[in-house]
Amino acid sequence: MDVREDDLVLRPDFRVGSAILAAIAVAAAAIVAAILIGDAPTVFAPIVGGVFAVLFLFVLGSLLRARIVLTQHELVLRGPFSAQHKPRAHIAEVIRARITAPRGATNGNLFVLDESRSLVLRIPADAYRREDLDLLVTTLDVPCSGPSSPINPKKFAETYPGILTKVEQHPYRLALATAAIIVTTLLAVLLVSLAAA
């Protein structure tokens, strides 16, 4: 994609990305040090260090490559490995919302909708500065609405049907299903090992 001088290009907030990178580095150092100092086998230190290194590189790549580009003809959301191109002519409305997650965390989002109120593009708002997103909404020049305070997924789905996935609307069901699969797998392994003994 060629970026022209008159295109609006928004990059992730470097302060947020730097804080995440610093947290990953501190966590990696603390866990690897605990492994080396403690009773755990030292072979786990490079494994844990490698996992954190991959995570660090992924976040760094996201920070460097991710961006939102608004041209005369399209809106592009670029991630670390791919880009979503959506025709600007299809954009009819923007909804700004902070969706609550389990344990009280909230995730900021811009939901870009078409004339039938179907989702065109979902932009993770927490990665970008609020002023930049305000500029994007102003430049799109379409109606913008949304709840004034954080809203839970179920209530958001009732107010704006068809935008959130079923998994997002019921996060505890996914957690319970995942836990059930893990417990079932562990029990099966235990039973097989007891039968083999």
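Because the structure is predicted, anything quoted here is derived from the model rather than measured. (Residues numbered from 1 in each chain as written. Predicted model: local features only at pLDDT ≥ 70, side-chain atom pairs only at ≥ 80, totals over all residues. Heavy atoms only, no water.)

**Re the overall build of the protein**
Phase 1 of the analysis: Looking only at helices and strands, one finds six helices and eight strands in the protein.
Phase 2 of the analysis: Overall, the protein shows an N-to-C arrangement of helices and strands of β-α-α-β-β-β-β-β-β-α-β-α-α-α.
Phase 3 of the analysis: Compactness check: the protein gives a C-alpha radius of gyration of 22 Å against a globular reference of 16 Å for 197 residues, more than 25% above the reference.
Phase 4 of the analysis: Overall, the C-alpha framework of the protein stretches about 70 × 35 × 30 Å when taken along its three principal axes.
Phase 5 of the analysis: Burial status across the protein gives 30% buried among its 197 residues.
Phase 6 of the analysis: Relative to all contacts within the protein whose residues are 6 or more apart in sequence, the contacts with residues 24 or more apart total 52%.
Phase 7 of the analysis: Entry remark: accessible area of the protein is about 12500 Å², with carbon and sulfur atoms responsible for 65%.
Phase 8 of the analysis: Taking the average place of the 19 positive charges on the side chains of the protein and the average place of its 17 negative ones, the gap between the two points comes to 6 Å. (Helix = DSSP H or I, 4+ residues; strand = E, 2+ residues; numbered from the N terminus. Rg over C-alpha atoms; globule rule 2.2 N^0.38 Å. Buried < 20%, exposed > 50% of the residue type's maximum accessible area, 1.4 Å probe, protein only. Contact = heavy atoms within 4.5 Å. Areas by Shrake-Rupley, 256 points an atom, 1.4 Å probe, with all protein chains shown as cover. Lys, Arg positive; Asp, Glu negative; His and termini not counted. Charge placed at Lys NZ, Arg CZ, Asp CG, Glu CD.)

**Concerning the packing of aromatic side chains**
Phase 1 of the analysis: Under the defined criterion, the tally for this structure stands at three aromatic pairs.
Phase 2 of the analysis: Chaining the aromatic ring pairs together yields one cluster made of Phe111, Phe156 and Tyr160. (Phe/Tyr/Trp six-rings, centres within 6.5 Å; stacked < 30°, edge-to-face > 60°.)

**A short note on the sheet that holds strand β3 (residues 74–78)**
Phase 1 of the analysis: Read across the sheet, four strands follow the order β1-β2-β3-β4 without closing on themselves; strand pairing throughout is antiparallel. Edge strands, defined here as strands with exactly one partner in the open sheet, are β1 (8–10) and β4 (83–87). Here the strands of the sheet are splayed against their neighbours by 10° on average, with no regard to which way each runs.
Phase 2 of the analysis: Two elements, β1 and strand β2 (residues 67–70), share three bridges in a ladder whose sense is antiparallel. Residue Leu8 lies in a different strand from β2, and its bridge partner there is Leu70. (Pairing = 2+ DSSP bridges. Axes fitted to C-alpha atoms, helices over the stretch in contact; angles between N-to-C directions.)

**Re the environment of Val142**
Phase 1 of the analysis: Inspection of the secondary structure assignment puts Val142 in the loop between α3 (130–140) and β8 (144–145).
Phase 2 of the analysis: Under the relative-accessibility criterion, Val142 is labelled buried at 17%.
Phase 3 of the analysis: Expressed as a C-alpha distance, the spacing of Val142 and Val94, which sit 48 residues apart in the sequence, is 7.0 Å.
Phase 4 of the analysis: The contacts of Val142, once residues within four sequence positions are left out, are Ile91, Ala92, Glu93, Val94 and Val137.

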